[in-house]
Amino acid sequence: MYDHVSYFSNISPFYLKQGLLLRDFFFSIGGEELINTVKKLNDTGEHISGDIEYDFNSLFTGPGKLLAPPYASVYLDEDMLLMGNSTLSVRNFMLNYGIRVSDNINIPDDHISCEIEFIILLLRKSQEDKQYLSVLRQFCNEHFLLWIPPFIERIMKNARTNEIKNTALILKCWVEKLTTGI
């Protein structure tokens, strides 16, 4: 039988770094930041497609209808709108553990960047206190893992650049590794 507690007892620094880079990718503001993050994620110095910023914006930020909205509420709430019940649920869940998304960043609590950062925080806290593994398990099973697969599917279906598709695959692998540990 697999011991979930020991699985995350020594989290790989690479896994945490990759999670932080995924967080940064989805939170990118501007082409240069986006390109630098993609290069780090893919561990490459190769040329990045000039269309990546357009692709990123059409998928995740707008203007216009987003092809792959990075918000849980779009996938989990019946009305498929931002700041729905699932957003408030995530906010309350995070607040129960003393975490609050800063008002300065101007994104909802259920944005993928916030959720990845919360997961990484729980992973780090679990190194000192194993009770955080059950918190992580609850958050992932009751929320995160419910919307991430259709989100990744939308990215793969609608992305035009290989760099964005590769990032979706990295996210998929990162999530799969997370699920084997919880």
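Model, not experiment: these values are computed from the prediction.

**Description of the overall build of the protein**
A count of helical and extended segments in the protein gives 9 helices and 0 strands. Each helix (α) and strand (β) of the protein, taken in turn from the N terminus, gives the series α-α-α-α-α-α-α-α-α. Expressed as a percentage of the 182 residues in the protein, the buried residues total 47%. When contacts within the protein are restricted to residue pairs at least 6 apart in sequence, long-range pairs at least 24 apart make up 63% of them. Of the roughly 9,800 Å² that the protein leaves accessible, carbon and sulfur atoms contribute 50%.

**Digging into helix α2 (residues 13–26)**
The end-to-end C-alpha separation of α2 is 20 Å, in line with the 20 Å expected for 14 residues at 1.5 Å each. Looking at the buried positions of α2, the neighbouring elements they touch are α3 (31–41), α4 (52–61), α7 (112–126), α8 (131–158) and α9 (162–181). Structurally, the start of α2 carries an N-cap: the backbone nitrogen of F14 is 3.1 Å from a side-chain oxygen of S12.

**Concerning the packing of α2 against α9**
It is the contact of α2 with α9, at a shortest axis distance of 11 Å, that shows an interaxial angle of 135°. As summarised for this structure, α2 and α9 are arranged oblique, according to the angle between their axes. As for the relative orientation of α2 and α9, their crossing is left-handed in sense. Residue-level inspection shows Y15, Q18, G19, L22, F25 and F26 of α2 in contact with α9, the latter providing I164, T167, I170, L171, W174, K177 and L178. For the contact of α2 with α9, a count of residues per class yields 9 nonpolar, 3 polar and 1 charged.

Cut-offs applied
Residues numbered from 1 in each chain as written. Predicted model: local features only at pLDDT ≥ 70, side-chain atom pairs only at ≥ 80, totals over all residues. Heavy atoms only, no water. Helix = DSSP H or I, 4+ residues; strand = E, 2+ residues; numbered from the N terminus. Buried < 20%, exposed > 50% of the residue type's maximum accessible area, 1.4 Å probe, protein only. Contact = heavy atoms within 4.5 Å. Areas by Shrake-Rupley, 256 points an atom, 1.4 Å probe, with all protein chains shown as cover. Expected span 1.5 Å × (residues − 1). Polar contact = N/O pair within 3.5 Å; in protein donor to acceptor, adjacent residues only side chain to side chain. Axes fitted to C-alpha atoms, helices over the stretch in contact; angles between N-to-C directions. Parallel < 35°, antiparallel > 145°, perpendicular 65-115°, else oblique. Left-handed = near helix turned anticlockwise from the far one by under 90°. Nonpolar A, V, L, I, M, F, W, Y, C, P; charged D, E, K, R; others polar.

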